[in-house]
Structure formats: C-alpha cells, structure tokens
Amino acid sequence: ALGALGERAAPSLRALVAALEHEEAHVRIYAAESLASMGPKAGEATKDLARAMRDPIPGVRWAASEALASIGPAAQSAVPALIEALKDEFLYVRICAAEALGSIGPTAQTAREALTVAANDPALRNEAEWALNRIDGIAPGKPVASPHVPAPSVALPPETTAARTANPPVDWDTKTGRNIV
C-alpha cells in the first residue's frame, strides 16, 4: 500500500527502513520497492539500501538496487555497493546495479572501470553502456555506443520478449533447480 502512494509515503520512510531488516524476505523486498516508489524522497534510506545489497536473498538485492536507481544522484554513497553488485551471481541484480549507477550519473565516476568490465557480458552490455553514457552526461534517449566499451567481437543474439505472468521468485537454487525455469 505504501508503494502505491509513491512520494506521499515519505512520512513512512523510517518504518520502511526498519522493514529492510525484517526476518521475512518478502517484507524486505516490499519495503525496498516502496522506497523505490518514493524516488528521490527516499534519499535518506541510501545507506540502508546499500546495506541491503548484501542480503542473502537475490530479490532483496535487486529491489534495493531498483530503489537506489529511483533515488538517483542522491544515492552516490551507495556506489561502492553497486560496483560490487555488478559481480553478483544473479543477472537481474547486475542489471539493476548498472541501472542504478547510470541513474546516479556523473557522480558515479568511480564505477567507470567496473561498468566497462561488466559490458563484456553480452547480457549486461546494453545496461553497462547506458550507465557509462549517463556518467558521461549523455542524456537518455536513442542509444549511443559508449566510447569506453569496445564493439562486440561476435554478433549478439536478437533480443526476445517473454510474457510476464507472475512475480519472480525471491530466492532460488541453481544446484537443485528450485524456482528456476
């Protein structure tokens, strides 16, 4: 409900920050998503969201990085946590971390090298290039090849779209295949 209120949920910021520590993963995820809906008004939660980037549940990490992306430049203090998240074992966490770094913009200069390395992953290339362009001050819009990322040495497969039918799982296990399609 607080997430649906967007910026008007700002008086609940402290309660949402406290919920980032809740024992139930879904509560932590929804708290981060509610903070994301507040946009820059959730700037005071940056330190707590950066700490959530180390949560053992991948869904909490990607929700926290989405919240940091919505905060934008005021989330600059989270840049080290987002750089570390570019190496996360889960692709969606890496994608959201790159998005957050791009949303922070020119004050995320220290992420330049990590984003350049991340762009070597074909699944992360577009987000990493977008983030590098934003850090360089290039406005969003038509994609522009980043001068920091070499052209791919192989053709990338065409992008496909999949219909979303439900929320993604908040945890999964690659060894057993639990919650993996």
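Here, the structure is the one placed above.
Remember, it's a predicted structure, so these values are computed and weren't measured experimentally.

Novice: Whenever I open this one, the packing of helix α5 (residues 58–71) against helix α7 (residues 91–104) confuses me. Can you help?
Specialist: In helix packing, the relevant descriptors are the interaxial angle and the interaxial distance, both defined with respect to the helix axes. Viewed as axis vectors pointing N to C, α5 and α7 meet at an angle of 15 degrees, and their least axial separation amounts to 8 Å. Between α5 and α7, the crossing angle belongs to the class labelled roughly parallel. In this structure, α5 meets α7 at a crossing whose hand is left-handed. Here Pro58, Arg61, Trp62, Ser65, Glu66, Leu68 and Ala69 of α5 come into contact with α7, specifically with Tyr92, Val93, Cys96, Ala97, Glu99, Ala100 and Ser103.

Novice: Looking at this structure, I do not really get helix α9 (residues 125–135). What am I missing?
Specialist: Owing to its 3.6 residues per turn, the α-helix brings residues three or four apart onto one side. Buried residues of α9: Arg125, Ala128, Glu129, Ala131, Leu132, Asn133 and Ile135, and no others. Those residues of α9 that are buried lie in contact with α7 and α8 (112–118). Backbone geometry just downstream of α9 places Gly137 in the positive-phi region, at approximately 85 degrees.

Novice: What should I look at first to understand the packing of aromatic side chains in this one?
Specialist: We describe a pair of aromatic rings using the distance from one ring centre to the other and the angle between the two ring planes. Scanning the entire structure with this criterion turns up one aromatic pair. Judged by centre distance (5.2 Å) and plane angle (85 degrees), the rings of Trp62 and Tyr92 are edge-to-face. Pair noted here: Trp62 is in helix α5 and Tyr92 is in helix α7, with a separation of 30 residues, a long-range link.

Novice: What am I meant to see in the environment of Ala69 here?
Specialist: Within the fold, Ala69 resides in helix α5. Residue class for Ala69 comes out buried when judged on its relative accessible area of 10%. In sequence terms Ala69 and Ala100 are 31 residues apart; their C-alpha atoms lie 3.7 Å from each other. Leave out the neighbours within four places in its chain, and Ala69 touches Glu99, Ala100 and Ser103.

Novice: Help me understand the side chain of Asp55, please; the structure alone is not making it clear to me.
Specialist: Within the secondary structure, Asp55 is located in the loop between α4 (46–52) and α5. With relative accessibility at 11%, the residue Asp55 sits in the buried group. Side-chain polar atoms of Asp55 contact the backbone nitrogen of Ile57, separated by 2.8 Å. Setting aside anything within four residues of it in sequence, one finds Asp55 in contact with Arg28, Val60 and Arg61.

Criteria and thresholds
Residues numbered from 1 in each chain as written. Predicted model: local features only at pLDDT ≥ 70, side-chain atom pairs only at ≥ 80, totals over all residues. Heavy atoms only, no water. Axes fitted to C-alpha atoms, helices over the stretch in contact; angles between N-to-C directions. Helix = DSSP H or I, 4+ residues; strand = E, 2+ residues; numbered from the N terminus. Parallel < 35°, antiparallel > 145°, perpendicular 65-115°, else oblique. Left-handed = near helix turned anticlockwise from the far one by under 90°. Contact = heavy atoms within 4.5 Å. Buried < 20%, exposed > 50% of the residue type's maximum accessible area, 1.4 Å probe, protein only. Phe/Tyr/Trp six-rings, centres within 6.5 Å; stacked < 30°, edge-to-face > 60°. Polar contact = N/O pair within 3.5 Å; in protein donor to acceptor, adjacent residues only side chain to side chain.

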